[in-house]
Amino acid sequence: MRPSIKQVALEAGVSIATVSRLLNKPDSVSIDSASRINQAIEVLGFRPNFTGRNLRAGRSRTVGVVVPTLSNTVFAQCLQGVETAARQRDYSVMFTATEYRQQDESAAVELLLAHRVDGIILTVTNADASSTLDVLDRERIPYVLVYNQPQQTARPSVSVDNRAAAHEAVSHLINLGHIRIQMLSGQFHASDRALQRYHGYRQAMHEHGLQALTPIEIPRHTYAALSSEHLQIFRDPLRRPSALFCSNDLLALSVMRDLRAIGLRVPDDVSVMGFDGIPLGELMDPMLSSVAQPSEQIGKLALRTLVRAIEEPQDGQGPASTQLLPHTVRLGGSVRTFHS
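Remember, it's a predicted structure, so these values are computed and weren't measured experimentally.

1. Some details on the overall build of the chain
When you go through the chain residue by residue, the secondary structure sums to 13 helices and 12 strands. With respect to the principal axes defined by its C-alpha atoms, the chain has extents near 80 × 40 × 35 Å. Expressed as a percentage of the 340 residues in the chain, the buried residues total 52%. Long-range contacts, defined as pairs at least 24 residues apart, comprise 74% of the intrachain contacts of the chain with a sequence gap of at least 6. Carbon and sulfur atoms provide 50% of the accessible area of the chain, an area that totals close to 15,900 Å².

The structure is reproduced here in structure tokens:
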């Protein structure tokens, strides 16, 4: 259980009212008492429960951002959108990254709340089963998800339709004559977005009467290398897929490197389709085909949605909703028509 204001008062040897005054009007407390209270807060790891009137009265005009990583520029683009929209509204931004570790999400949020952010924009491992989001809901701390697309819970989010976007990308490959299409992804348990994209892949294959191949799940979601076992499969023209659908662009670029290393050509031997539409993909030769997300716009809309929740809180408001932005399929030279 989190330490209470009563425990802080006992630790510091002051009244609860004195602790409350320090939290709300620091200048009203003596230097000696403030020092003891702050020391007790640090020792106990106390964090005020910013709800209702206290949250509105104690605004810092700072929002927190939690993303899985900044090594994938899709999140950096989103953060840029958040920052741009925040400056327009006189808000500051603090951010941290979890490196796709679900166990670090709660600590990241606690860190931001300890700095008295007014609300949080975040991407979590699983938006439908998140103890971190449960805490934010319970304490009525404003937040908006980005890229997550809750399926079973009513939580505010801004995203593209991951399943529909993947379905469109794989359908494009099928229309080019590809039959053996395989998905490459990081671990599904670490990304509900990747899992939703896999469902879109399976749906497209099923609708066209094709067998969905077992996905290639690798340990990391960025800059990963194929195992020697998978490389051996790709060396065999009778066993390898004719096209790969990758859950993000960095994995697509990584697998293109690995395929070249074993003497295969993209797209002549294997076509590669990514997801995210990062600018780096357009600079590659061949240019990476990809599902492009409007990441900067996702960040801007998330910030506007969060500020509205902070400044215009509504008791008993209706269910939160997912705001879906349009995606596009960017066609490049990494994909070609397949001739059996």
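2. Focus on the environment of alanine 243
Here alanine 243 lies in strand S8 (residues 243–246). Each C-alpha atom, one on alanine 243 and one on asparagine 162, is 19 Å from the other, the two residues being 81 residues apart in sequence. In this view, alanine 243 contacts Leu173, His178, Arg180, Ile181, Gln182, Val270 and Ser271; residues no more than four positions away in its chain are not counted.

3. Re the packing of helix H1 (residues 5–12) against helix H2 (residues 16–24)
In the contact formed by H1 and H2, the axes pass within 8 Å of each other and the chain directions differ by 105 degrees. For the element pair H1 / H2, the angle class is roughly perpendicular. Packed against H1, whose contacting residues are Ile5, Lys6, Val8 and Ala9, the element H2 presents Ile16, Val19, Ser20 and Leu23 at the interface. When grouped by side-chain class, the residues that make up the contact of H1 with H2 number 6 nonpolar, 1 polar and 1 charged.

4. Some words on the side chain of histidine 327
Within the secondary structure layout, histidine 327 lies in the loop between strand S11 (322–324) and strand S12 (328–330). There is a polar contact of 2.8 Å between the side chain of histidine 327 and the side chain of glutamate 168. Among residues more than four places away in sequence, those in contact with histidine 327 are Val160, Ala164, Ala165, Glu168, Val291 and Ala292.

5. A short note on the nonpolar core
Counting residues in each nonpolar core, the largest one holds 49 residues, and the members touching the most others are Leu184, Phe234 and Val272. Breaking this core down by element, the ones donating at least two residues are strand S1 (62–67), helix H5 (73–88), strand S4 (143–146), strand S7 (216–218), helix H10 (228–235), S8, helix H11 (249–261) and helix H13 (295–311). Counting residues in hydrophobic clusters, the runner-up holds 24 residues, among them Val170, Leu213, Phe245 and Val335.

6. Here we look at the sheet that holds S1
The parallel open sheet is built from 6 strands, whose spatial order is S2-S1-S3-S4-S5-S11. Two strands bound the open sheet, and with one partner strand each, they are strand S2 (92–97) and S11. The sheet shows a mean angle of 20 degrees between the axes of neighbouring strands, taken without regard to direction. When S4 meets strand S5 (residues 157–159), the two strands line up parallel, connected through 2 bridges. Counted as the bridge partner of valine 146 is valine 158 from S5. Strand contacts of helix H6 (residues 102–114): S1, S2 and strand S3 (119–122), with the helix running at about 165 degrees to S1, the strand carrying the most contacts.

7. Quick look at the sheet that holds S12
Two strands in a sheet stick together by hydrogen bonds in their backbones, pointing the same way (parallel) or opposite ways (antiparallel). Spatial strand order, S7-S6-S8-S9-S10-S12: 6 strands in an open sheet with mixed pairing. Only two strands of the sheet have a single neighbouring strand rather than two, namely S7 and S12. The sheet shows a mean angle of 20 degrees between the axes of neighbouring strands, direction not considered. Here strand S10 (residues 289–292) pairs with S12 via 3 bridges, running antiparallel. Counted as the bridge partner of alanine 292 is threonine 328 from S12. The sheet strands contacting helix H8 (residues 162–175) are strand S6 (181–186), S8, strand S9 (271–276), S10 and S12, and the helix crosses S9 at an angle near 160 degrees.

8. With respect to the confidence of the model for the chain
In the predicted model, the chain carries a mean pLDDT of 90, and 95% of its residues have values of at least 70. Here residues 51–57 scores under 50 on pLDDT; set against residues more than four positions off or in separate chains, the count is 7 contacts.

9. A word on the packing of H2 against helix H3 (residues 31–44)
At a minimum axis separation of 10 Å, H2 and H3 run at an interaxial angle of 90 degrees. What the angle tells us is that H2 and H3 run roughly perpendicular. Of the residues in H3, those in contact with Thr18, Val19, Leu22 and Leu23 of H2 are Ser33, Ala34, Ile37, Asn38 and Ile41.

10. What about the packing of aromatic side chains?
Counted by the stated rule, this structure contains 3 aromatic pairs. Grouping aromatic residues by their ring pairs yields a cluster made of Phe188, Tyr198 and Tyr201. In this structure, arginine 197 is placed above the aromatic ring of phenylalanine 275, and the distance from its NZ or CZ to the ring centre is 3.8 Å.

About the thresholds
Residues numbered from 1 in each chain as written. Predicted model: local features only at pLDDT ≥ 70, side-chain atom pairs only at ≥ 80, totals over all residues. Heavy atoms only, no water. Helix = DSSP H or I, 4+ residues; strand = E, 2+ residues; numbered from the N terminus. Buried < 20%, exposed > 50% of the residue type's maximum accessible area, 1.4 Å probe, protein only. Contact = heavy atoms within 4.5 Å. Areas by Shrake-Rupley, 256 points an atom, 1.4 Å probe, with all protein chains shown as cover. Axes fitted to C-alpha atoms, helices over the stretch in contact; angles between N-to-C directions. Parallel < 35°, antiparallel > 145°, perpendicular 65-115°, else oblique. Nonpolar A, V, L, I, M, F, W, Y, C, P; charged D, E, K, R; others polar. Polar contact = N/O pair within 3.5 Å; in protein donor to acceptor, adjacent residues only side chain to side chain. Core = buried A, V, L, I, M, F, W, Y, C linked by side-chain atoms within 4.5 Å. Pairing = 2+ DSSP bridges. pLDDT = per-residue confidence, 0-100. Phe/Tyr/Trp six-rings, centres within 6.5 Å; stacked < 30°, edge-to-face > 60°. Lys NZ or Arg CZ within 6 Å of the ring centre and 35° of its normal.

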